[in-house]
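As a plain string of letters, each chain reads:
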Amino acid sequence: MDFELSEDQRALQAAAQAFAAAELAPFSAQWDREGHFPVETLRQAAGLGFAGVYLSEDVGGSGLSRLDASLIFEALAYGDVATTAYLTIHNMAAWMVDRFGDAELRARYLPRLTTMELVASYCLTEPGAGSDAAALATTAVRDGEAYVLNGAKAFISGGGTSDIYVVMARTGGAGAAGVSAFVVEAGAPGLSFGARERKMGWNAQPTAQVNFDGVRVPAGNRIGGEGEGFRFAMMGLDGGRLNIASCSLGGAGLALDTAQAYLAERRQFGRPLRDFQALQFKLADMATELEAARLMVRRAAAALDAGRPDATKLCAMAKRFATDAGFHVANEALQLHGGYGYLADYPLERIVRDLRVHQILEGTNEIMRVIIARELFR
């Protein structure tokens, strides 16, 4: 058991930290305020290999591990949570094409996904199928050499902006076994989008409903076989949960560092706030929670890399713990700033808003408990 990062991992981490400091952090508040989706900045990140972190090298991916990805996404999220979170979703969608698509599908899309010439979205959740994802109602009916899709997907990051959509749709009977996965291109007749959602956080990425009204998709755009889509989607979410947990680590890390610096410089009752033991204890607890969360995420990533049979359970545990801890740390950091923490002049209120959704997406933390309990009683 070795907790030290390798030289290559430290180099990856340093590269991500440098990019975050130069290209994300200086613009984070502006992007949040203006609702700007910085696609060109994301393409710069892609130039460093961050759009295909664990994709195969033969299609332009970096061929790295899930542990490497966690290091990268934590470092990037320290600069901006919302933009990094979108990058993780793009990685997850592209990975599904890489892992389960046939040679033609991989060659057609992945070289442009790894450069982010094409931007990808992941489409599972529906207006009537959130936590009960296997109850999805979007249909894909075979018609010759194509499928015709009808239905709607909700809360889709990149909706209306992305170039391709990895869509789970029903080709068979009820339940998970009737779901297949498809690549749907933007501009397809019958594909439309709802208004951009007004959200508490994640304002630097667009979110919208995606609608399918008789959308014809070539049969060659099916990922894998019929009935395999739900399994692919769940496998994608194992990694997706680690990715979003890593984003929580990054945002909470910035909140912790900001609070520590504030306690050193802010004076009340004639002395620095850091001299008050109650505040020292609070900061100590925040640092401990963050370190525990980081260890859980990295252990789960190592388990997923190793193909361990308990990897799904460990990923759910890590996601539940790290996203709860990350939000708590950020919220406590805001509290330590008093009224200043509530102002947009400081990053705390933005971090709190951005991290809150991590307890909901990629499976709510209540569903994480369902998964953990199910695995415990197998």
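Above: the structure in question.
If you're wondering where the values come from, they're calculated on a predicted model, not measured in any experiment. (Residues numbered from 1 in each chain as written. Predicted model: local features only at pLDDT ≥ 70, side-chain atom pairs only at ≥ 80, totals over all residues. Heavy atoms only, no water.)

Let us now look at the overall build of the protein chain. When helices and strands are tallied, the protein chain shows 11 helices and 10 strands. In terms of overall dimensions, the protein chain has a C-alpha envelope of 80 × 45 × 35 Å along the principal axes. Taken over 378 residues, the protein chain has a buried fraction of 56%. Residue pairs at least 24 apart in sequence account for 73% of intrachain contacts in the protein chain once pairs closer than 6 positions are excluded. (Helix = DSSP H or I, 4+ residues; strand = E, 2+ residues; numbered from the N terminus. Buried < 20%, exposed > 50% of the residue type's maximum accessible area, 1.4 Å probe, protein only. Contact = heavy atoms within 4.5 Å.)

Two elements in contact, helix α9 (residues 311-336) and helix α10 (residues 348-356), have axes separated by 9 Å at closest approach and are oriented at 160°. Taken together, the axes of α9 and α10 are roughly antiparallel relative to one another. For the element pair α9 and α10, the recorded crossing hand is left-handed. Facing Gly326, Phe327, Ala330, Asn331, Ala333 and Leu334 of α9, the residues of α10 in contact are Leu348, Glu349, Ile351, Val352, Leu355 and Arg356. (Axes fitted to C-alpha atoms, helices over the stretch in contact; angles between N-to-C directions. Parallel < 35°, antiparallel > 145°, perpendicular 65-115°, else oblique. Left-handed = near helix turned anticlockwise from the far one by under 90°.)

Turning to the packing of aromatic side chains, a few remarks are in order. Applying the stated criterion across every chain yields a total of 9 aromatic pairs. On the numbers, 3.8 Å between centres and 10° between planes, the contact of phenylalanine 100 with phenylalanine 232 is stacked. A residue pair is termed long-range when its members are at least 10 positions apart, and phenylalanine 100 in helix α5 (residues 81-100) and phenylalanine 232 in helix α7 (residues 229-265) qualify at 132 residues. This pair shows no difference in class: phenylalanine 100 is buried, exactly as phenylalanine 232 is. Aromatic pair phenylalanine 269 and phenylalanine 276: ring centres 6.3 Å apart, planes at 70°, arrangement edge-to-face. Here the aromatic residues Trp95, Phe100 and Phe232 are joined through ring pairs into a cluster of three or more. Of note, arginine 66 hangs over the ring of tryptophan 95, and the distance from its end group to the ring centre comes to 5.0 Å. Cation over ring: arginine 271 sits above phenylalanine 276, and NZ or CZ is 4.1 Å from the ring centre. (Phe/Tyr/Trp six-rings, centres within 6.5 Å; stacked < 30°, edge-to-face > 60°. Lys NZ or Arg CZ within 6 Å of the ring centre and 35° of its normal.)

Relative to the assigned elements, aspartate 80 resides in the loop between α4 (66-79) and α5. The side chain of aspartate 80 is buried and forms no salt bridge, while arginine 350, the nearest opposite charge, is found at 4.7 Å. One polar contact links aspartate 80 to serine 28, side chain to side chain, over a distance of 2.4 Å. With residues up to four places along the chain from it excluded, the contact list for aspartate 80 reads Leu24, Ser28, Trp31 and Ala204. (Lys, Arg positive; Asp, Glu negative; His and termini not counted. Salt bridge = Lys/Arg side-chain N within 4 Å of Asp/Glu carboxyl O. Polar contact = N/O pair within 3.5 Å; in protein donor to acceptor, adjacent residues only side chain to side chain.)

Attention now moves to the nonpolar core. Formed by 104 residues in total, the largest nonpolar core has its most connected members in Leu76, Leu87, Tyr122, Met168 and Ile223. Of the residues forming this core, the biggest block, 16 residues, is contributed by α7. (Core = buried A, V, L, I, M, F, W, Y, C linked by side-chain atoms within 4.5 Å.)

Take the pairing of strand β4 (residues 164-170) next. Two faces make up the sheet, and in a regular strand the side chains alternate between them. The element β4 is extensively covered by neighbouring structure, given that 7 of its 7 residues are classed as buried. Sheet topology places strand β1 (residues 120-123) next to β4; 4 bridges connect them, and they run parallel. Note on β4: the bridge partner recorded for serine 121 is tyrosine 165. (Pairing = 2+ DSSP bridges.)

So, on to the layout of surface pockets. Rolling a probe over the atoms, with the probe sized like a water molecule, indicates the empty space that remains. The space that makes up the second largest pocket amounts to roughly 390 Å³. Residue lining of the second largest pocket: 15 residues in total, with Asp2, Phe3, Arg298, Arg299 and Ala302 positioned closest to the centre. If one sorts the elements of the lining of the second largest pocket by residue count, helix α8 (residues 277-306) sits on top with 6 residues. Of the residues that constitute the lining of the second largest pocket, the class distribution is 6 nonpolar, 2 polar and 7 charged. (1 Å grid on protein atoms, 1.4 Å probe; cavity = no way out; pocket = protein on both sides within 12 Å on 5 of 7 lines; lining within 4 Å. Points joined across faces, edges and corners; volume = space filled by probe spheres on them. Nonpolar A, V, L, I, M, F, W, Y, C, P; charged D, E, K, R; others polar.)

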